[in-house]
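Per-entry structural report
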Amino acid sequence: MSKLVITDLHVTVDTEDGPKEILKGVTLTIKEGETHAIMGPNGSGKSTLAYSIAGHPKYTITGGSVTLDGQDVLSLSVDERARAGLFLAMQYPVEVPGVSVSNFLRTAKTAIDGEAPKLRTWVKDVNGALERLNLDPSFGTRSVNEGFSGGEKKRHEIAQLELLDPKVAVLDETDSGLDIDALKIVSEGVNRFREREGKGVLLITHYTRILRYIEPDYVHVFVDGKVAESGGKELADQLEAEGYDRYLKAAQV
Amino acid sequence: MTVTTDSVRSALEQGPEHGKVESHLHPAGSFDVADHEVPTGREEIWRFTPLKRLKGLHADAEFMRSATSCTWNTPEGVRIEGVSGDEARSLRGLSGLVPNTRWAARVLAEVPSTLLIDVPADTEVSEPIVVDLDGEDVAVTEAGHVAMRFGAHSKAIVVLNHTGSSTIAAVVEIAVGDGADVTVVSLQDWADDAVHLSHHQARVGRDATYKHAAISFGGDLVRMDANVTYDGPGGSAELLGLYFADAGQHIEHRIFADHTAPRTKSHAVYKGALQGEKAHTVWVGNVLIRKVAEGIETYEENRNLVLTDGCQADSIPNLEIETGEIEGAGHASATARFDDEQLFYLQSRGVSEQEAQRLVVHGFFNDLIRQVGVPSIEDRLLTTVEAELAKNVLKGLGSLAAFGSDD
Ligand SMILES: Nc1ncnc2c1ncn2[C@@H]1O[C@H](COP(=O)(O)OP(=O)(O)OP(=O)(O)O)[C@@H](O)[C@H]1O
Ligand SMILES: [Mg+2]
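1. Remarks on the overall build of chain A
Counting its secondary structure elements, chain A contains 8 helices and 12 strands. Against the compact-globule benchmark of 18 Å for 253 residues, chain A has a radius of gyration of 18 Å, which places it among compact chains. Viewed in the frame of its principal axes, chain A has a C-alpha envelope of about 60 × 40 × 40 Å. Looking at chain A as a whole, 46% of its 253 residues are labelled buried.

So this is what it looks like as structure tokens:
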């Protein structure tokens, strides 16, 4: 059973002119087996929501709560959140020079499981995951994200999703920068994850095109730091046709 | 690596040409000790070095009977022995070195013997020549001279392995014959109280390949000048450095690639980590491209990773170009703390903060360790980096099981 509950979340970032509120009361519940899409214009706070859930030090939580299966997520450190079952596929994955992908994956898997993976099956699992995401096995010896193309970085994120097997995955614009083939490969990866028992997905995106491959159960329109409207997948079609103008005007009032 | 902390002075802000002292790059050398004054510490080449802690090595400390044992292996085809008298004298200046410090002039003039490593022309030495220098008494101030002569088209690796406690001034002269392929590794794995002042001077022959790796972990004060000149066109020098300074340690590395011939190359990469109160590192990278040195290529880089508060890393690249006809010249210098984004990324995958820091530090050094290219040294360096990390970063970290060498 996995359930991520976000209640009235308020988040600020520090700026030169003092703290600036980015999230202005986000409330969202993702139950097991559900996929929620969050769509919203640039700068509306989507990545802020993703990073805040993951615990990025840049963001300050000023109100509200986040729980995973009843456990207070916000009191956990970044790595504890991951070990509790949260995963964030980042919009801009970070390069870590000199640390090989295979060493990184093994270290992460060991940390999350609390024990080192069995060598023989692990090598097979890693190679399988890389292959399914159309990444050459030679990626294992390359430094994490260093010199990866934009699309390779995103596919590497989804390979990690498959291997680390969290309870809830937050995918921040995993579709951006992908060509159509890569988009399909990434979507298939996410769908394989969704087929597993009891997984939740929070899919942040700009565009509706990924929703053709990953069908959401719910769509939320995110504007100015909060959810402006929620609905089923038909809401995505409406957004495709009309854009965000209506919501932006409403937010300005 | 973007942050430059307040405790860190980076020379980049000054620009490469600022603060250039003519006499620094063109020191007036002399074999006559009387021509060199005792340094006061205000001189450009001494301004970072805490002279008080040198126990007089820079001045007139007596060069006593050595308390540092010196042993070595002798692979086939190589002559290694301590020589004295005329033969020792004939080896002084083998590298083209004309001393520009009082201490180096004293070493050449006063030290009675020389350790000669002689590799004949066309000899390919199958295993590394390892010279172990193990200090037994830090109260003994002493000096040594090493001469390495590599014949034309020879191929060899020499490792100078410094351990124990010494107070020692050493001049190492290296002559790399035409077309030879030579690696010299100097490992400063001293005990905490050692004082080590050294000058490595290499002359690189026509079309020869020279790699020098300076690796400094231990010692109270370690200062090494690693210099190179070229005997003819086509020579290539790779100057590598890796250092790890703990609380109170002063580790200073200076390089000088003096492009004295056309179409020569120099490539320098020095990387250091600092941890603990008053850990101080200095890197000064001098490159001079003389008028004759057309078509050369040079790149030098120094990166420092500051692991705790209270450390200081000084980093000064200094590139002087006297001809416009060059292939390429560049430098980079950066000093930074842990990159928060890297740590966040690793932690977001479940890896603890300490484990993440350790991955980042290993990653920082990994490429360089591989570039040293001596397998027996590689393993030892990985272990030493790990041991250094255990002092601060990994304090209290229980399981190290997840980290292994790369598959
Ligand atoms: N350090 C900062 N100082 C000022 N404003 C900031 C800072 N960091 C983030 N912001 C602002 O927070 C807002 C939300 O940013 P966020 O990255 O969450 O948006 P987003 O919805 O993910 O946008 P995109 O679609 O472009 O990815 C933006 O207006 C951004 O400029
Ligand atoms: Mg974003």
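From this point, the discussion proceeds with the structure in view.
2. Some words on the overall build of chain B
From N to C terminus, chain B includes 6 helices and 17 strands. Burial status across chain B gives 50% buried among its 407 residues. Pairs at least 24 residues apart make up 86% of the contacts formed inside chain B by residues separated by at least 6 positions.

3. Side note on the sheet that holds strand β4 (residues 59-68) of chain A
Residue and element names in this part refer to chain A. With respect to topology, 4 strands assemble into an open sheet ordered β2-β1-β4-β5, the strand pairing being antiparallel. Each edge of the sheet is formed by a strand with only one pairing partner; in this case those strands are β2 (18-31) and β5 (71-72). With 8 bridges connecting them, strand β1 (residues 3-15) and β4 associate as antiparallel partners. Bridging from a neighbouring strand, His10 pairs with Gly63 of β4.

4. Some words on the site of ligand 1
All names here are of chain A. Around ligand 1 lies a shell of 15 residues, among which Asn42, Gly43, Lys46, Ser47 and Thr48 are the nearest. Secondary structure elements with two or more residues in the shell around ligand 1: β1, β2 and α1 (46-54). The leading source of residues in the shell around ligand 1 is α1, at 3 residues. Considering only residue class, the shell around ligand 1 consists of 2 nonpolar, 10 polar and 3 charged.

5. Some words on the domain arrangement of chain B
All names here are of chain B. Each assigned domain of chain B is listed with its residue range as follows: domain 1 (9-337) and domain 2 (339-399). Each of domain 1 and domain 2 has a C-alpha centre, and these two points are 27 Å apart. At the junction of the two partners, domain 1 supplies 22 residues and domain 2 supplies 18 residues. Breaking the side of domain 1 that touches domain 2 down by element, the ones donating at least two residues are β6 (155-176), β7 (181-188), β9 (209-216), β11 (236-245) and β13 (265-274). Residue composition of the side of domain 1 that touches domain 2, grouped by class: 15 nonpolar, 4 polar and 3 charged.

6. What to know about the nonpolar core
With 181 residues, the main nonpolar core has Phe87, Ala169, Val170 and Leu171 of chain A together with Val158, Val176 and Val361 of chain B as its most contacted residues. It is β6 of chain B that contributes the most residues to this core, 13 residues altogether. When residues are assigned to domains, this core turns out to be shared by domain 1 (9-337) and domain 2 (339-399) of chain B, each giving three or more. In contact with Val361 of chain B, not counting residues within four places along its chain, are Ala273, Leu305, Val385, Leu389 and Val393 of chain B.

7. Some remarks on the sheet that holds strand β12 (residues 226-231) of chain A
Residues and elements named next belong to chain A. Reading across the sheet, the 6 strands line up as β6-β9-β10-β3-β11-β12 and stay open at both edges, with mixed pairing between neighbours. Edge positions in the sheet fall to β6 (86-89) and β12, since each has one partner strand and no second. Adjacent strand axes in the sheet meet at a mean angle of 20 degrees, parallel and antiparallel pairs treated alike. Two strands pair when backbone bridges link them, and strand β11 (residues 218-223) and β12 are joined in this way by 5 bridges, in the antiparallel orientation. Pairing of His220 across the sheet is with Ser230, part of β12. Running at roughly 145 degrees to strand β9 (residues 168-172), α1 makes contact with β3 (35-39), β6, β9, β10 (200-205) and β11 of the sheet. Strands β6 and β9 of the sheet are contacted by helix α5 (residues 150-164), whose axis makes an angle of about 165 degrees with β6.

8. Focus on the environment of Val182 of chain B
Residues and elements named next belong to chain B. Within the secondary structure, Val182 sits in strand β7. Given 25 C-beta atoms within 10 Å, Val182 falls into the buried group. Taking the C-alpha atoms as reference, Val182 lies 8.0 Å from Val158; in sequence the two are 24 residues apart. Those residues within four positions of Val182 in sequence are excluded, and the remaining contacts are Phe150, Ala156, Val176 and Tyr210.

9. Considering the pairing of strand β7 (residues 96-100) of chain A
Residues and elements named next belong to chain A. Among the 5 residues in β7, 4 count as buried, and that is most of the element. Where β7 meets strand β8 (residues 143-144), 2 bridges bridge the pair, whose relative direction is antiparallel. Bridge pairing links Val96 to Val144 in β8.

10. Focus: the interface of chain A and chain B
On the side of chain B, 26 residues touch chain A, which itself brings 28 residues to the contact. For the side of chain A that touches chain B, the element with the most residues is helix α3 (residues 101-113) of chain A, which contributes 8 residues. Class assignment for the residues of the side of chain A that touches chain B results in 15 nonpolar, 10 polar and 3 charged.

11. Overview of the packing of helix α4 (residues 340-347) of chain B against helix α5 (residues 353-372) of chain B
Residue and element names in this part refer to chain B. Packing of α4 against α5 leaves a shortest axis separation of 9 Å and a crossing angle of 120 degrees. For the element pair α4 / α5, the angle class is oblique. Helix-helix and strand crossings are classified by hand; for α4 and α5 the assignment is right-handed. In contact with Gln342, Leu343, Leu346 and Gln347 of α4, α5 contributes Glu353, Ala356, Gln357, Leu359 and Val360.

12. Looking at α1 of chain A
In terms of residue burial, α1 of chain A counts as a mostly covered element, since 8 of its 9 residues are buried. Within α1 of chain A, burial applies to Lys46, Thr48, Leu49, Ala50, Tyr51, Ser52, Ile53 and Ala54 of chain A.

13. A few points about the confidence of the model for chain B
All names here are of chain B. Counting all residues, the mean pLDDT for chain B is 90, and 90% of those residues have values of 70 or more. Here residues 1-23 is a poorly scored stretch, pLDDT under 50, and it has 36 contacts once near neighbours within four places are set aside; other chains count. Confidence drops under a pLDDT of 50 for residues 397-407, and excluding neighbours within four residues, the segment shows 19 contacts in the predicted structure. Taken over the whole predicted complex, pTM reads 0.85, whereas the ipTM for its chain interfaces reads 0.97.

Definitions and cut-offs
Residues numbered from 1 in each chain as written. Chains lettered and ligands numbered in written order. Predicted model: local features only at pLDDT ≥ 70, side-chain atom pairs only at ≥ 80, totals over all residues. Helix = DSSP H or I, 4+ residues; strand = E, 2+ residues; numbered from the N terminus. Rg over C-alpha atoms; globule rule 2.2 N^0.38 Å. Buried ≥ 20, exposed ≤ 12 C-beta atoms within 10 Å, placed from the backbone. Contact = placed C-beta atoms within 7 Å. Pairing = 2+ DSSP bridges. Near = placed C-beta within 6 Å. Nonpolar A, V, L, I, M, F, W, Y, C, P; charged D, E, K, R; others polar. Domains from an automatic or database assignment. Core = buried A, V, L, I, M, F, W, Y, C linked by C-beta atoms within 7 Å. Axes fitted to C-alpha atoms, helices over the stretch in contact; angles between N-to-C directions. Parallel < 35°, antiparallel > 145°, perpendicular 65-115°, else oblique. Left-handed = near helix turned anticlockwise from the far one by under 90°. pLDDT = per-residue confidence, 0-100.

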